[in-house]
Amino acid sequence: MISGLQIALKNAIDVIAPPATPLQNFTYYWKQLMNFYVNHLNDSRVLVECTGIPRHLDRLLELLLEEEKHVEEPGPCLEYLLQHRLLDLLATLACAETPPGMRLVCLSFIKKLLTRSKHPLLHHASVYGPVQRLIAICNGNLASPIENEEIHFLNSICFLVCKYPHVTNIVNDSSNVRPENSYQKSEAEKSDVEQVTYIPFKKSNTNNPLFKPLNTQVVTLVNPELFKSSKPQLNDEMNKSSQISEESQENKPSNHVLNNLTRSNSSSQSSGSSRDVAAADSPAYDPVLEALSDMRIVEECISSNDDNKSRSSKHDITLSDSGIPENSKCLLLDALKSYVNSADHTVRIRACEGIMVLASLDDPFFADVVAKSDLSTVLTHRLEMLFNQIPAHVEPLEIDEIEVTWGLDSPPLMDEKKFPGCRKVAAFFMWLDFCGQLSREAHPDVADVLAQTIRIDFFEKVLTPKLSAHHAILITALVTKCLKEVPTSPLSTEMGRWLVGHQREPDIPEVWCSPVIHKLIENCHTDSEELTIETLKLFEEMIEKKDEHILHCLVLTYLNNRGYYDNSAADSAIVSWSDEEDEREREKKSSMDMTLGTGHSRTLAPSNIHRILNCFLSLVPRPLQTDLDSNYSRYMVDWEKQYSIVVKDCSLLAWPLEAVSMDDSASVSSRHDTADSGSSSSRFYPGPFLTMLLDKVSNIVKQKYEMNLQLTVLVSKLALLPHPYLHEFLLNPLIPLVPGKKSLFICLQRVVKQLMNEVPKIPNFKQALKETRLKFFEECCPAAHSSNHEGSDRSKEDIILLESVIVTEEFCKELAAIAYVKYHHST
């Protein structure tokens, strides 16, 4: 019974006073928001958290999103928001920070509205204008307690631009952001809050206190035409009101009205006016707009007697104040760039994400704008700054242990637990990783400009001179790590050009075109063993990179004409039918691309493979052998895995399949004539890099174990490459070489000869060789390691000789294993 009465009573109430529509609720909460400025006329320092503004904005957002659930087309609340340019007012309040904290609230509201709404809104003039103004005030160059919210707002716009590419140029066009005219206070009254006076010129027609005339100052609006009345006749009334306000001295201080202020976007003025007229004539027109039209914005002068001074405030919302160049055409990108040096790690990462999104947009026009901006200069400058902060006492081995990426999946190193300077080293490589990823993901035009700028302004101008400096060991280790960490991208290509130069033609002996290669080769011949080892590691990483330009300039350009091969001795060198068959097949085969799993190379898989293996395995004589079984199978599994990866990486390099001389098709007599005339083969030059390697191999007997170990690793990695000319030069001891030239096998023969002359002079050298071998291979016997050479009378030179025997013996086994792996893979 009671329930029936309640229902009947409710129905009666609904008939007498129907429930408010969503639009009425929307306008109500908007009026409540504006009511703050009525009730706090003399208190402009009330924090926004202490007001109802955040709550009212949340309710407005709820009404907008709830409306979208029931209708597919934009509803009346959204139309009201767009037609009456409410976002423009919020942007103005955010720019003026009135009340304090309003910027944070407005950024959050607009971000949520744009990202949660199912309707694309950015292309509306009443939306992108306020968005542009908010972007312009987001400035990471100035310390701000809300920079986290600012960067989230900017990132939201970035992803919306990515989602709706047609608004890219609208949002980023900084020419639409006009300088906002504001007043400048006297020196005694300077404040971060701008004061504006609302001047009423109409009496209210309602008893609702929400619409009572305003007769005192409130905080803060900057654009006087923002809520220009939709009724044409109100313009004259507003002008009259401004004159009255200038003459009146009773209710307010001396002021003057700015009548020449413009909107933030001139193109939206006419459309906005037409919308307002339509809104005024429509039933949805609400009195709140009429009340807002009664408000007049008045600017306070600096001094009434100083008419010649500039009246631009230091708080003007201008591009220059926000750190954005006046000639910039990319407003959003410029705002993001200002945060790359933020002290907050998360803010920096978010800024990088936004930059990555914008730089990767598939829009040629916008990519051209980004490429012509100073983005690459800003990123390179930060890279240089972080590099200069790396302490000089960092050990090279510690650098190689750093594993970081630029994203949030790599947390910042907040302590120095690993080693002193760890944080600064990690920060540098995190930024380098970002630059590398950006050059890989960005539009090709942007990526090329970024990579070239980093090469010129960082690698060439900063790193190249430091390779000759006092800390060259640390610099070389850093360069090695840089080359290792940068992914395959335009940046890695530019790094290769920095290292080996742009010239692809062979260098003339003693005349080198690349200053970096020249310096690295010099560093390998210095007395500093540590510098030599680090430089060899850098060369190893250059080989591991599998970059066609690096390999070509470093090695292949000197071998591609097969100048090392003595054509005049080729006939006499054929001592078996299998050799003759190999020679004929080489002449028949033409150059072709090396493809994974296809193609049979007689150069990589010669039929006399057993003779080649025997050459390496029998090179060390029995008196010096410590492993009488000559077992090279222990290396097979590892090199088999590595070679499979190498072949896959090199499958697209278009290398030839066979090693064919330039005059293979000529007759034997023509070969002799060519040799007699002193052709290019007699002038064979292996290049500075191979020359240095062969010199180092020849000097194994005088070098310490650590250097020899790194040297043999580098040569092995080079011999593993599936290039026929390189393979033939390094791994085929049976080819006829040009007289007077040396190959890897010849250098090893000389090393063995020196060892045979010197090692037997060591007392009880056979026992000493066994102990030395135990030092390197008996990992299960720590006592053998610790007692080796301790307390013995052997000199330092004797120890180096004994270690050289072990290194040479194992190196020969590795070369044999590589030759067999390549043979097995090519058959």
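It should be noted that the structure appears before, not after, this text.
Read on for a plain summary of the structure. (Residues numbered from 1 in each chain as written. Predicted model: local features only at pLDDT ≥ 70, side-chain atom pairs only at ≥ 80, totals over all residues. Heavy atoms only, no water.)

### Brief notes about the environment of A654
For clarity, the cut-off: Numbering of helices and strands runs from the N terminus, with a helix taken as a DSSP run of H or I at least four residues long and a strand as a DSSP run of E at least two residues long.
Relative to the helices and strands, A654 is located in the loop between α28 (636-649) and α29 (668-676). Along the backbone, A654 and H723 are 69 residues apart, and their C-alpha atoms lie at a distance of 9.9 Å.

### With respect to the nonpolar core
Selection criterion: The definition of a nonpolar core used throughout is a set of buried Ala, Val, Leu, Ile, Met, Phe, Trp, Tyr and Cys residues joined through side-chain atoms within 4.5 Å. Any residue under 20% of the maximum accessible area for its type is buried, any over 50% is exposed, and the rest in between are partly exposed; the area is computed with a 1.4 Å probe on protein chains only. Two residues qualify as a contact provided that any one of their heavy atoms is within 4.5 Å of a heavy atom in the partner residue.
Grouped together as the largest cluster of nonpolar side chains are 217 residues, with contacts concentrated most on I135, F153, L154, I157, F539, M542 and L718. If we ignore the near neighbours within four places in the chain, the residues touching I135 are F153, L154, I157, V171, L331, L332 and A335.

### A short note on the side chain of D547
Short version of the rule: None of His or the chain ends enter the tally, which takes Lys and Arg as positive and Asp and Glu as negative. Every case where a carboxyl oxygen of Asp or Glu lies within 4 Å of a side-chain nitrogen of Lys or Arg is listed as a salt bridge.
Tracing the backbone shows D547 in the loop between α23 (529-544) and α24 (548-559). Despite its burial, D547 remains without a salt bridge, the nearest opposite charge being carried by R504 at 7.1 Å.

### Structural notes on the packing of aromatic side chains
Stated precisely, the cut-off is as follows: Put simply, two rings from Phe, Tyr or Trp (the six-membered ring, in Trp's case) pair if the centres are within 6.5 Å, and we call them stacked under 30 degrees between planes, edge-to-face over 60, tilted for the rest. Counting as a charge over the ring demands two things of the Lys NZ or Arg CZ atom: a distance within 6 Å of the ring centre and an angle within 35 degrees of the ring normal.
Tallied over the full model, the rule gives 17 aromatic pairs. Between F428 and F458 the ring centres are 6.0 Å apart and the planes differ by 40 degrees, which places this aromatic pair in the tilted class. Of this pair, F428 sits in helix α18 (residues 422-441) while F458 is found in helix α19 (residues 444-466), placing the two residues 30 residues apart along the sequence. By relative accessible area, which is 0% here, F458 ends up buried. Aromatic ring contacts, followed pair by pair, group F387, F428, F429, F458, F459 and W498 into a single cluster. Positioned above the aromatic ring of W431, the side-chain terminus of R382 is 5.0 Å from the ring centre. A cation over an aromatic ring shows up here: R562 above the ring of Y565, its NZ or CZ 3.8 Å from the ring centre.

### Section: the pattern of salt bridges
Using the criterion set out here, one finds 34 salt bridges in the structure. Put simply, K372 and D368 hold a salt bridge, and the shortest N to O gap is 3.2 Å. With K372 and D368 both in helix α15 (residues 364-372) and 4 residues apart, the pair spans about one turn of that helix. Residue K372 is classed as exposed on the basis of its relative accessible area of 66%. With relative accessibility at 32%, the residue D368 sits in the partly exposed group. Where K519 meets E522, a salt bridge forms, and the shortest distance between an N and an O atom there is 3.4 Å. Here E522 and K519 lie together in helix α22 (residues 515-524), a separation of 3 residues that amounts to about one turn. Assessed through its relative accessible area of 19%, K519 is described here as buried. Here the salt bridges share partners, and the residues they tie into one network are R634, R773, E809, E810 and K813.

Functional significance is not addressed by these values, which are geometric in nature.
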